[in-house]
Amino acid sequence: MPLGSQTYGLEIDDVQYLVNGNLPLLARVFRPKGKGPFPVVIELHGGAWVRGDRQNGDSANEALAREGMIVVALDFTSPPEAFYPRSLMDIHYGIRWCKTNAQEWNGIPDKIAIMGTSSGAHLAMLIGMRPHDLRYSALPLLTQTGEVDGTVNAVILCSPVIDPLGRYRYAKNLRDDCTAPPGLADRVVPMHDQYWGSEDAMAEAAPARILARGEPVALPPVLLLAHSEEDAHPTPDRVEFVRQYRNVGGLVSEKIFEGGGGLLAGGATKGLSLREPFSDIAREALAVMSSFVREHIG
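Below you will find a few notes about this structure. Everything numeric here is computed off the predicted structure, so don't read it as measured data.

Scoring rules and cut-offs
Residues numbered from 1 in each chain as written. Predicted model: local features only at pLDDT ≥ 70, side-chain atom pairs only at ≥ 80, totals over all residues. Heavy atoms only, no water. Helix = DSSP H or I, 4+ residues; strand = E, 2+ residues; numbered from the N terminus. Buried < 20%, exposed > 50% of the residue type's maximum accessible area, 1.4 Å probe, protein only. Contact = heavy atoms within 4.5 Å. Areas by Shrake-Rupley, 256 points an atom, 1.4 Å probe, with all protein chains shown as cover. Polar contact = N/O pair within 3.5 Å; in protein donor to acceptor, adjacent residues only side chain to side chain. Core = buried A, V, L, I, M, F, W, Y, C linked by side-chain atoms within 4.5 Å. Salt bridge = Lys/Arg side-chain N within 4 Å of Asp/Glu carboxyl O.

Some words on the overall build of the protein chain
Looking only at helices and strands, one finds nine helices and eight strands in the protein chain. Each principal axis of the C-alpha distribution contributes one length, and for the protein chain these read about 55 × 40 × 40 Å. By residue count, 55% of the 298 residues in the protein chain fall in the buried class. In the protein chain, of all internal contacts separated by at least 6 residues, the share reaching a separation of at least 24 is 78%. Approximately 12,500 Å² of the protein chain is accessible, and the part contributed by carbon and sulfur atoms is 48%.

Focus on the side chain of Arg86
Tracing the backbone through its elements, the reader meets Arg86 in helix α2 (residues 86–101). Within the structure, the side chain of Arg86 is placed 2.7 Å from the side chain of Asp90, a separation counted as a polar contact.

Things to note about the nonpolar core
Core analysis: the largest hydrophobic core is formed by 71 residues, its most contacted members being Val72 and Ile114. Among the nonpolar cores identified, the runner-up in size contains 27 residues, and Val41, Ala63, Leu225 and Ala282 belong to it.

What to know about the pattern of salt bridges
Taken as a whole and judged by the stated rule, the model has 22 salt bridges. Notably, a salt bridge pairs Glu11 with Arg31, separated by 2.9 Å at the nearest N-O pair. Separated by 20 residues along the polypeptide, Glu11 in strand β1 (residues 10–20) and Arg31 in strand β2 (residues 23–32) bring together distant segments of the chain. Each of Arg130, Asp133, Arg135, Glu204, Arg213 and Glu215 takes part in a single network of salt bridges with overlapping partners.

See the structure below:
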């Protein structure tokens, strides 16, 4: 269902953008049929860094594409095939791949936004802050025009797991500032362990902790959308990230919807649901995302 007054027909294709060993990695590309050029948005699925694929966000990606933006949903390597930081290597390569293909897609080649949900939002923010990290940029991409970098011009976070270590300790009820719902540890702790391997790795890749350590970072403008109550994503971590990002001069626009989102098993509230049939909150969230993209990348 369209969000605005002008909508576009779409071409939707699955394209191989990278191979990890014998594992092909696909991108689902949503392209508006129109004059353009259109802004390009890369989408990263959630799933506690372990589950999910490029099809998770089909409903929202199609809705945004019909508004006049090219949306590229990436598959990336996850356990048991590989662990942190391999997914960031795939995503960094995917950003550069999109830049090299944007003109052919009738897109704007020199500006890219990235968005994600839950753990995908965490990965989006991490890559946005560390576009020149040598670990993340380790996969070469040769082009006729020379080197392409992995910088992004805007980041959209939907119900982010913004601090892996904070959520890990929260799920285990090791924090004094918030209490996890029953059953959360059984669902998420094994996936944290599988992807990260250690608490040190979780801390090393937590955006607010990166900022608190004074690590040099890029500061693309951020849009953060969430419910005010999300049992799967501790509110203090979201608040601390926003505080730290703004403290170093970063721009964060927040859209916080009152109440909780949909339900996880056991009755815990999860994050924003951007799947059809769209709720009023989902439609408002998508409209805010569309406006943010147009403001920052065209």
